[in-house]
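Below, each chain spelled out in residue letters.
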Amino acid sequence: SQQGEEDPQALSIQEGENATMNCSYKTSINNLQWYRQNSGRGLVHLILIRSNEREKHSGRLRVTLDTSKKSSSLLITASRAADTASYFCATDARDDKIIFGKGTRLHILP
Amino acid sequence: GAGVSQSPRYKVAKRGQDVALRCDPISGHVSLFWYQQALGQGPEFLTYFQNEAQLDKSGLPSDRFFAERPEGSVSTLKIQRTQQEDSAVYLCASSGGSGASTDTQYFGPGTRLTVL
């Protein structure tokens, strides 16, 4: 079962542009995480935002969380070729497991 | 230091064969997780260990799937009588915490299993 759903499923942008991905979820959460997966480095944790936080930054990443709309967004600014990857949101389940969405495939064009 | 390692990286099995997938977590990490990732999907939880204790195996899809971590470090995921629907990437992750959802999980490269 998957709680989070990323949108869009796939995104292609020019290098240097900003990329925005969205995640919607169904039930209340304590925290939400974003992960990146590419063939080179596997699945890597990017950032965690707690339910009482609205925005969080890490380098070129900006994550927002709107618990009233049950949605989160991940913004990558000044995209680079190395940002080409699949991005997953993951929410905590009632039993403290994390549940991943299906992911957004991001392709940075040179 | 070394990250999470998994072996083999690729495994091809004939339907009905048994397979064993190995995970070496980061040294000292208490918690270990197994996930199954089908093509085009996100990882799905299979099972969780805290040291040698298997605290949650609710995600194992059938009794053909079995996982162990006898000494609280290396873990093995065994699949008996493999079926074509078992074809997927099997990911292992470890964390230094007690398994809470807020603990950062460090993932291995995965084992891609193909059942013919």
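Here we summarise the structure given alongside this text. No experiment lies behind these values; they were computed from the predicted model shown.

1. Description of the sheet that holds strand E8 (residues 75-79) of chain B
Residue and element names in this part refer to chain B.
(1) Moving on: Pairing is antiparallel in the open sheet, where four strands are placed in the order E1-E3-E8-E7. Both edges of this open sheet fall to strand E1 (5-7) and strand E7 (65-68), since each of them pairs with a single strand only. Across the sheet, the axes of successive neighbouring strands diverge by a mean angle of 15°, strand direction being ignored.
(2) Moving on: Sheet analysis places strand E3 (residues 19-24) next to E8, joined by five bridges and oriented antiparallel. Of the residues in E8, the one forming a bridge with Val19 is Ile79.

2. Digging into the state of the cysteines
Residue and element names in this part refer to chain A.
(1) Moving on: This model, assessed by the stated rule, comprises two disulfides over all chains.
(2) Moving on: Residue Cys23 pairs covalently with Cys89 via a disulfide, S to S 2.0 Å. Note on the Cys23 and Cys89 pair: the S-S dihedral is about 65°, so by sign convention the disulfide is right-handed. Here Cys23, found in strand E3 (residues 19-24), pairs with Cys89, found in strand E9 (residues 85-92); they are 66 residues apart in sequence, far enough to count as distant. The two residues Cys23 and Cys89 agree in class, both being buried.

3. A look at the pairing of strand E11 (residues 111-115) of chain B
Residues and elements named next belong to chain B.
(1) Moving on: Residues Thr111, Leu113 and Val115 point to one face of E11 and are all buried, whereas Arg112 and Thr114, pointing to the other face, are not buried.
(2) Moving on: Pairing between strand E2 (residues 10-13) and E11: four bridges, direction parallel. Paired with Lys11 across the strands is Leu113, a residue of E11.
(3) Moving on: The pairing of strand E9 (residues 88-95) with E11 spans three bridges and is antiparallel. What sits directly across from Ala88, in E11, is Leu113.

4. Quick word on the packing of aromatic side chains
(1) Moving on: All chains considered together, the criterion is met by 10 aromatic pairs over all chains.
(2) Moving on: When the centroid spacing of 5.8 Å and the interplanar angle of 85° are considered together, the rings of Tyr35 of chain A and Phe107 of chain B count as edge-to-face. Taken together, the positions of Tyr35 of chain A in strand E4 (residues 31-38) and Phe107 of chain B in strand E10 (residues 106-107) put the pair across two chains. For the residue pair Tyr35 of chain A and Phe107 of chain B, the accessibility class agrees, reading buried in each case.
(3) Moving on: A ring pair is formed by Phe33 of chain B and Tyr35 of chain B, whose centres lie 6.4 Å apart and whose planes are at 25°; its orientation type is stacked.

5. Comments concerning the layout of surface pockets
(1) Moving on: Of the volumes computed, that of the largest pocket is approximately 850 Å³.
(2) Moving on: Every residue lining the largest pocket is counted, 35 residues in all, and those nearest its centre are Gln37, Ser86 and Phe88 of chain A together with Gln37 and Gln41 of chain B.
(3) Moving on: Among the elements of the structure, strand E1 (5-7), E4, E9 and strand E11 (104-109) of chain A together with E9 and E11 of chain B are those that each provide at least two residues to the lining of the largest pocket.
(4) Moving on: For the lining of the largest pocket, the leading source of residues is E1 of chain A, giving three residues.

6. Concerning the side chain of Gln105 of chain B
(1) Moving on: Mapped onto the secondary structure, Gln105 of chain B falls in the loop between E9 and E10.
(2) Moving on: Here Gln105 of chain B falls in the buried class, since its relative accessible area comes to 4%.
(3) Moving on: Looking at Gln105 of chain B, its side chain comes within polar contact range of the side chain of Tyr35 of chain B, at 2.8 Å.
(4) Moving on: Excluding residues that lie within four positions of it along the chain, Gln105 of chain B makes contacts with Tyr35, His45 and Ile98 of chain A together with Phe33, Tyr35, Ala93, Ser94 and Ser95 of chain B.

7. Points about the sheet that holds E3 of chain A
All names here are of chain A.
(1) Moving on: An order of E1-E3-E8-E7-E6 is seen for the five strands of this open sheet, with the pairing classed as antiparallel. Two strands close off the open sheet at either side, each with one partner strand: E1 and strand E6 (55-58). Neighbour-to-neighbour, the strand axes of this sheet turn through a mean angle of 20°, independent of strand direction.
(2) Moving on: Examined bridge by bridge, E6 and strand E7 (residues 61-66) share four bridges and lie antiparallel to one another. Residue Glu55 lies in a different strand from E7, and its bridge partner there is Thr64.

About the criteria used
Residues numbered from 1 in each chain as written. Chains lettered and ligands numbered in written order. Predicted model: local features only at pLDDT ≥ 70, side-chain atom pairs only at ≥ 80, totals over all residues. Heavy atoms only, no water. Pairing = 2+ DSSP bridges. Helix = DSSP H or I, 4+ residues; strand = E, 2+ residues; numbered from the N terminus. Axes fitted to C-alpha atoms, helices over the stretch in contact; angles between N-to-C directions. Disulfide = S-S within 2.5 Å. Buried < 20%, exposed > 50% of the residue type's maximum accessible area, 1.4 Å probe, protein only. Phe/Tyr/Trp six-rings, centres within 6.5 Å; stacked < 30°, edge-to-face > 60°. 1 Å grid on protein atoms, 1.4 Å probe; cavity = no way out; pocket = protein on both sides within 12 Å on 5 of 7 lines; lining within 4 Å. Points joined across faces, edges and corners; volume = space filled by probe spheres on them. Polar contact = N/O pair within 3.5 Å; in protein donor to acceptor, adjacent residues only side chain to side chain. Contact = heavy atoms within 4.5 Å.

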